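Residues per chain are reported as follows:
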Amino acid sequence: QVQLVESGGGLVQPGGSLRLSCVTSGIISSMTAMGWYRQAPGKERELVASSASAEDTNYADSVKGRFTISRVIAKNTVYLQMNSLKPEDTAVYYCNARPQYLVGVNYWGKGTLVTVSA
C-alpha cells in the first residue's frame with residue numbers, strides 16, 4: 001500500500017521559514033518523480049516544486065529563489081524548504097509521487113496547512 005505522509009506545516013510570520021517533509025512508503029523512491037503542490041482557498045491546486053531526480057528540479061516562478069526541494073532516497077523522504085514566506089504562500093501543501101515505472105499513476109498525500117500571517 002502506497003502512503004505519502006506530509007508534516008511540518010504551521011503558522012509562521014511573513015519573512016519566516018518552514019520545512020515540509022513527505023515520507024513515502026510502498027514506492028521505489030529512486031524511480032519516482034516527487035513534487036509539492038499547494039491549494040489556497042478558492043484557488044486551483046498548483047505545482048510549487050518538482051524533482052524528477054536530485055539534479056532535475058523545477059519551481060513555480062512565484063517561489064523561485066525562496067523554496068528548495070530536496071530528497072533523501074535512503075529515507076524515502078522529500079523536503080520543501082520554504083524561506084522568506086509571504087502571506088500569499090498560505091495554502092494546503094500536498095506531496096505528490098509519480099512512479100516512473102507506473103504509467104499515468106499519481107499518488108497524493110493528505111496535505112499540510114501552511115499559514116503565513118502576522
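The model shown is predicted, which means the values in this text are computed figures rather than measured ones. (Residues numbered from 1 in each chain as written. Predicted model: local features only at pLDDT ≥ 70, side-chain atom pairs only at ≥ 80, totals over all residues. Heavy atoms only, no water.)

Draft legend 1. Representation of the overall build of the protein chain. Summing up its helical and strand segments, the protein chain has zero helices and 11 strands in all. At 14 Å, the protein chain has a C-alpha radius of gyration in line with the 13 Å of a compact globule built from 118 residues. Its C-alpha atoms give the protein chain principal-axis dimensions of roughly 45 × 25 × 25 Å. Contacts in the protein chain between residues at least 24 apart in sequence constitute 55% of all its contacts with a sequence separation of at least 6. As presented, the protein chain carries roughly 6,400 Å² of accessible surface, and 50% of it is formed by carbon and sulfur atoms. Charged side chains of the protein chain number 11 positive and 8 negative; the gap between the two group centres comes to 5 Å. (Helix = DSSP H or I, 4+ residues; strand = E, 2+ residues; numbered from the N terminus. Rg over C-alpha atoms; globule rule 2.2 N^0.38 Å. Contact = heavy atoms within 4.5 Å. Areas by Shrake-Rupley, 256 points an atom, 1.4 Å probe, with all protein chains shown as cover. Lys, Arg positive; Asp, Glu negative; His and termini not counted. Charge placed at Lys NZ, Arg CZ, Asp CG, Glu CD.)

Draft legend 2. Representation of unusual backbone geometry. Unusually for a residue other than glycine, Asn76 sits at a positive phi of about 50°. Relative to the assigned elements, Asn76 resides in the loop between strand 7 (67-72) and strand 8 (77-82). For Asn76, a relative accessible area of 29% translates into the label partly exposed. The backbone of Ser84 shows a phi angle near 50°, a positive value even though the residue is not glycine. By the secondary structure assignment, Ser84 is in the loop between strand 8 and strand 9 (91-99). (Buried < 20%, exposed > 50% of the residue type's maximum accessible area, 1.4 Å probe, protein only.)

Draft legend 3. Inspection of the pairing of strand 8 at higher detail. The buried fraction of strand 8 is high, at five of six residues. Where strand 3 (residues 18-25) lies against strand 8, six bridges are found, and the strand directions are antiparallel. Bridge assignment links Val23 to a residue of strand 8, and that residue is Thr77. Taken together, the six bridges between strand 7 and strand 8 define a ladder with antiparallel strand orientation. Bridge pairing links Phe67 to Met82 in strand 8. Here strand 7 folds back onto strand 8, and the loop between the two strands holds four residues, one of which, Asn76, carries a positive phi near 50°. (Pairing = 2+ DSSP bridges.)

Draft legend 4. Region of the structure containing the packing of aromatic side chains. Going through the model one piece at a time under the given rule, you end up with one aromatic pair. Taken together, a centroid distance of 4.9 Å and an interplanar angle of 70° make the contact between Tyr37 and Trp108 edge-to-face. Separated by 71 residues along the polypeptide, Tyr37 in strand 4 (residues 32-39) and Trp108 in strand 10 (residues 107-108) bring together distant segments of the chain. By relative accessible area, Trp108 is classed as partly exposed at 36%. Directly above the aromatic system of Tyr94 lies the positively charged group of Arg45, at a separation of 3.7 Å from the ring centroid. (Phe/Tyr/Trp six-rings, centres within 6.5 Å; stacked < 30°, edge-to-face > 60°. Lys NZ or Arg CZ within 6 Å of the ring centre and 35° of its normal.)

Draft legend 5. The pairing of strand 5 (residues 46-51), seen in detail. Two strands pair when backbone bridges link them, and strand 4 and strand 5 are joined in this way by five bridges, in the antiparallel orientation. Across the sheet, Arg38 pairs through a bridge with Glu46, a residue of strand 5. Linking strand 5 back to strand 6 (residues 57-59) in an antiparallel pair, the connection comprises five residues.

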